[in-house]
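So the chains spell out like this:
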Amino acid sequence: MRIGIQASYAGGFQETAAEIVDLEAAGLDLAMCAEVYTFDAVSQLGYLAAVTQRVELMSAILPIYSRTPALTAMTAAGLDFVSGGRFTLGLGASGPQVIEGWHGVPYDAPLQRTREVVEICRQVWRRERLVHEGPKYTVPLPADQGTGLGKPLKLINTPVRERIPVMLAALGPKNVELAAEIAEVWEPIWFMPERADGVWGDALRAGKAKRDPALGDLQVICGVPVAIGEDVDHLHEHVRPQLALYVGGMGAKGKNFYNDLARRYGFEDAAETVQELYLSGRKDEAAAALPDEFVRKVSLIGPEGYVAERVAAYAEAGVTTLALQPLDDSRESRLRTVETMRRLADR
């Protein structure tokens, strides 16, 4: 079991980076940077590459729609270079509200686009002349769609690695199946060890049946709020607003992937109620309507012995990296949390 952390995109990144340097010394394995509609993740990952020595770096995630496939490949190769081979390219489809509302491009065919983006990236990293003809991307651009001057090119620089690991963030059955087929790493959300197989199992097995053995075993990374101690139970309440945002407000009614996942986990009625409350502006009531079981199952909050048991359950269910979201209110206490989690993971 490896230990990672999600870099905050709120506040000063220099302070976040300095804290990650301390966490690296405490045994942190992985630092992740998200990209939503704030500062880009790439500049922050480059900054982290310069100030860290050992910790692996991951984009979590770069939306597949916001860059051309070739630029995504160039970016990954550049980050892998400046980090000395420590980068994992995390990709995901995001959602239509962000892709169409912020980037201004159609949210279409996420499965096909993901497959083609990964294929093009791996072709670029192998320094092949880029020729790709797919349903969504044709490179070089056909003459009847441009000037006719495009020609196959290959990456000028030699990458540190010709196969940079790819992580796919995926929730729906078809997306999860694709991740299990073509990616080195899969990132779900709200992984519940006791219910994971019922929600994800069939899709994972179907994807693995088509998996290239050269990819190795599928690695699984999941984010989890964490607080360790005898008097931390109240911190479950700090988790509720974020969960309510995703279940209730991250997408329109009938088009919210996170709400769909909550339903698949068996919380159909609660998912309906939370969404209705959230979309009507009653956010506090939406958070309060989340079942305690749901909040507790997706968190690591409690005494050390309890957290140790839950870490073992995650490992038994196939999780290989826990991306921590510490709920501690100081840098020193977050450092202690990572040190404790490092010890528990090493068991």
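The structure under discussion appears in the preceding block.
Heads up: these notes are all about the structure in this document.

Criteria and thresholds
- Residues numbered from 1 in each chain as written.
- Predicted model: local features only at pLDDT ≥ 70, side-chain atom pairs only at ≥ 80, totals over all residues.
- Heavy atoms only, no water.
- Helix = DSSP H or I, 4+ residues; strand = E, 2+ residues; numbered from the N terminus.
- Rg over C-alpha atoms; globule rule 2.2 N^0.38 Å.
- Buried < 20%, exposed > 50% of the residue type's maximum accessible area, 1.4 Å probe, protein only.
- Contact = heavy atoms within 4.5 Å.
- Areas by Shrake-Rupley, 256 points an atom, 1.4 Å probe, with all protein chains shown as cover.
- Lys, Arg positive; Asp, Glu negative; His and termini not counted.
- Charge placed at Lys NZ, Arg CZ, Asp CG, Glu CD.
- Polar contact = N/O pair within 3.5 Å; in protein donor to acceptor, adjacent residues only side chain to side chain.
- Salt bridge = Lys/Arg side-chain N within 4 Å of Asp/Glu carboxyl O.
- Phe/Tyr/Trp six-rings, centres within 6.5 Å; stacked < 30°, edge-to-face > 60°.
- Lys NZ or Arg CZ within 6 Å of the ring centre and 35° of its normal.

### Focus on the overall build of the protein chain
Consideration 1: Of the regular secondary structure elements, the protein chain holds 14 helices and 12 strands.
Consideration 2: Taken over C-alpha atoms, the radius of gyration comes to 20 Å for the protein chain, in line with the 20 Å a tight globule of 347 residues would show.
Consideration 3: The proportion of buried residues among the 347 residues of the protein chain is 50%.
Consideration 4: Of all intrachain contacts in the protein chain linking residues separated by at least 6 positions in sequence, the fraction that spans at least 24 positions is 74%.
Consideration 5: As displayed, the protein chain has an accessible area near 16,100 Å², and 52% of this comes from carbon and sulfur atoms.
Consideration 6: The centroid of the 37 positive side-chain charges in the protein chain is displaced by 5 Å from the centroid of its 47 negative side-chain charges.

### Concerning the environment of G251
Consideration 1: Note on placement: G251 falls in the loop between α8 (236-249) and α9 (257-264).
Consideration 2: Excluding anything up to four places from it in sequence, G251 contacts Q97, N256 and L279.

### As for the side chain of R240
Consideration 1: The topology assignment puts R240 in helix α8.
Consideration 2: Residue class for R240 comes out buried when judged on its relative accessible area of 5%.
Consideration 3: A polar contact of 3.2 Å, which involves the side chain of R240, links it to the side chain of E237.
Consideration 4: Within the structure, R240 has its side chain in polar contact with the side chain of D292 (distance 2.3 Å).
Consideration 5: The contacts of R240, once residues within four sequence positions are left out, are A287, A288, L290, P291, D292 and V295.

### Quick look at the pattern of salt bridges
Pairs may arise between side chains of opposite charge once their charged atoms sit close together.
Consideration 1: Per the counting criterion, the structure on display carries 29 salt bridges.
Consideration 2: A salt bridge links R310 to E194, with the nearest nitrogen and oxygen atoms 2.3 Å apart. Here R310 is found in helix α13 (residues 304-316), whereas its partner E194 is found in the loop between β9 (185-187) and α7 (196-209), with 116 residues between them in sequence.
Consideration 3: According to the relative accessible area criterion, R310 is buried, its value standing at 8%.

### Things to note about the packing of aromatic side chains
Consideration 1: Inspection of the entire model under this criterion finds 11 aromatic pairs.
Consideration 2: Centroid distance F13 to Y47: 5.8 Å. Interplanar angle 80°. Geometry classified as edge-to-face. Placement of F13 in helix α1 (residues 13-25) and of Y47 in helix α2 (residues 41-51) is noted, with a sequence separation of 34 residues between them.
Consideration 3: On the basis of relative accessibility, which here comes to 14%, the residue F13 falls in the buried class.
Consideration 4: The class of Y47 is partly exposed, set by a relative accessible area of 35%.
Consideration 5: On the numbers, 6.1 Å between centres and 35° between planes, the contact of F191 with Y314 is tilted. Within this pair, whereas F191 is found in the loop between β9 and α7, its partner Y314 is found in helix α13, the two being separated by 123 residues in sequence. Residue F191 shares its accessibility class with Y314, and that shared class is buried.
Consideration 6: Chaining the aromatic ring pairs together yields one cluster made of W190, Y246, Y258, F267 and F294.
Consideration 7: It is R264 that lies over the ring of W200; its NZ or CZ is 5.4 Å from the centre.

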